[in-house]
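Summary of structural features
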Amino acid sequence: MVRSARDSFAENGFTKASLRDIAVRAGITHAGLLHHFSSKDELLAAVLAERDEAEWQLGLAKVADMGELAPFIGELLRHHQKAPELMRLWIELAAAASRPEHPAHTYFVQRYGKSRENFALGMRDMSERGELHEGLDPGHAATLLQAVLNGLQLQWLLDQDLDIVGPMLAFMHLVFPQEAEEDKA
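Residues numbered from 1 in each chain as written. Predicted model: local features only at pLDDT ≥ 70, side-chain atom pairs only at ≥ 80, totals over all residues. Heavy atoms only, no water.

Regarding the overall build of the chain
Basically, it comes down to this: The numbering of helices and of strands both runs from the N terminus, where a helix is a DSSP run of H or I of at least 4 residues and a strand a run of E of at least 2. Each residue gets one of three labels from its accessible area relative to the maximum for its type: buried under 20%, exposed over 50%, partly exposed in between, using a 1.4 Å probe on protein chains only. In what follows, residue pairs with any heavy atoms lying within 4.5 Å of each other are defined as contacts. The protein chains shown are the only cover counted for residues, whose accessible areas, like all others here, come from Shrake-Rupley with a 1.4 Å probe. Neither His nor the chain ends is counted toward charge; the positive residues are Lys and Arg and the negative residues Asp and Glu. The atoms used to mark charge sites are NZ of Lys, CZ of Arg, CG of Asp and CD of Glu.
What the chain contains, in helices and strands, is ten helices and zero strands. Overall, the chain is about 60 × 35 × 30 Å in size when its C-alpha atoms are taken along their principal axes. Per-residue burial for the chain yields a buried fraction of 38% across its 185 residues. A fraction of 59% describes how many contacts in the chain between residues 6 or more apart in sequence connect residues 24 or more apart. Total accessible area computed for the chain in this model is approximately 10,300 Å², and 55% of it derives from carbon and sulfur atoms. On the chain, the mean spot of the 18 positive side-chain charges and the mean spot of the 28 negative ones are 8 Å from each other.

Topic: helix α2 (residues 19-26)
Just so we agree on the cut-off: Working definition: the arc comes from the directions between the helix axis and the C-beta atoms, pointing outward to the latter.
Among all positions of α2, only Leu-19, Ile-22 and Ala-23 are buried. Looking down the long axis of α2, one finds its buried residues gathered within 100° of arc, a one-sided arrangement. Exposed side of α2, more than 90 degrees from the buried face: Arg-20 and Val-24 are the residues found there. If you follow the buried residues of α2, they end up packed against α1 (2-16), α3 (30-36) and α4 (40-62). Immediately beyond the C-terminal end of α2, within one or two residues, lies Gly-27, with a positive phi of roughly 75°.

Overview of the packing of aromatic side chains
Stated formally: Any pair of Phe, Tyr and Trp rings, taking the six-membered ring for Trp, is counted once the centres come within 6.5 Å. Such a pair is stacked with planes under 30 degrees apart, edge-to-face with planes over 60 apart, and tilted for the rest. Sitting over a ring, as applied to charges here, requires NZ of Lys or CZ of Arg to be within 6 Å of the ring centre and within 35 degrees of the ring normal.
Scanning the entire structure with this criterion turns up three aromatic pairs. Aromatic side chains Trp-90 and Phe-108 sit 4.8 Å apart centroid to centroid with 50° between the ring planes, which places their arrangement in the tilted category. Here Trp-90 is found in helix α6 (residues 84-96), whereas its partner Phe-108 is found in helix α7 (residues 105-128), with 18 residues between them in sequence. Three or more aromatic residues joined by ring pairs form one cluster here, namely Trp-90, Tyr-107, Phe-108 and Tyr-112. The aromatic ring of Tyr-112 is capped on one face by Arg-111, whose charged end is 5.1 Å from the ring centroid.

Brief notes about helix α8 (residues 138-158)
This is how the line gets drawn: For a helix, the expected span equals 1.5 Å multiplied by the residue count minus one. In protein, a polar contact requires one atom able to donate a hydrogen and another able to accept it; more generally it is a pair of N or O atoms within 3.5 Å, and residues adjacent in sequence count only if both atoms are side-chain atoms.
Between the first and last C-alpha of α8 there are 30 Å, a value that for 21 residues agrees with the 30 Å anticipated at 1.5 Å per step. For α8, the full list of buried residues reads Pro-138, Ala-141, Ala-142, Leu-145, Gln-146, Leu-149, Leu-152, Gln-153, Trp-156 and Leu-157. The buried residues of α8 occupy one face: seen down the axis, they fall within an arc of 145°. Away from its buried face by more than 90 degrees, α8 exposes His-140 and Leu-158. In this fold, the buried residues of α8 make contact with α5 (69-81), α6, α7 and α9 (165-175). Capping the start of α8 is the job of one residue whose side-chain oxygen sits 2.9 Å from the backbone nitrogen of Gly-139: Asp-137.

Some thoughts on the pattern of salt bridges
We count it as follows: By salt bridge we mean one thing: a side-chain nitrogen of Lys or Arg within 4 Å of a carboxyl oxygen of Asp or Glu.
If you walk through the whole model with that rule in mind, you get nine salt bridges. Asp-21 is the partner of Arg-25 in a salt bridge, and the nearest nitrogen-oxygen pair spans 2.8 Å. Of this pair, Arg-25 and Asp-21 both sit in helix α2, four residues apart, which is roughly one turn of that helix. Residue classification places Arg-25 among the partly exposed positions, given a relative accessible area of 32%. Look at Asp-21 and you get partly exposed, because its relative accessible area is 25%. The salt bridge involving Glu-55 is made with Arg-51; its shortest N-O contact spans 3.3 Å. Residue Glu-55 and its partner Arg-51 are located together in helix α4, separated by four residues, close to a single helical turn. One continuous salt-bridge network, built from bridges that share partners, spans Glu-11, Asp-21 and Arg-25.

So, in structure tokens, the structure goes:
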């Protein structure tokens, strides 16, 4: 069902995708779909959660150290640019989920919290090795990283000629100046 929903959202956009179409794609009845997901918003949250989990697992496999984070994020941004509708849906749902009564509110609060916590943990390790920008708090760096990622993706949706990988890598070099020095060597 989630894959069928993802395909429908990507093809038709969230607004035009229908639960009936998603049910047909999944090979179940509309009532059967509603048994598992009470709304299209709930189904979208499941689509994005599945994508998040796949990207998280890929990151764990590819990023053994925070020093490998910048190339992975660049790769991830390029991948997101291949599916602009999913990127747009993510941003729209994240904004809507800022309301505590939204069905995806808890998911987003937990998702951002987990992400910040894990980034901050890695950045704390780098700080202890002197590889984080001097004076930059690891928690602040983790929050800034999320803000830059979200902001660049939003800007790209508004102007798809905009380079967002270059600015992301530049930001990472500011946060991890030692990595920038090693890249020059």
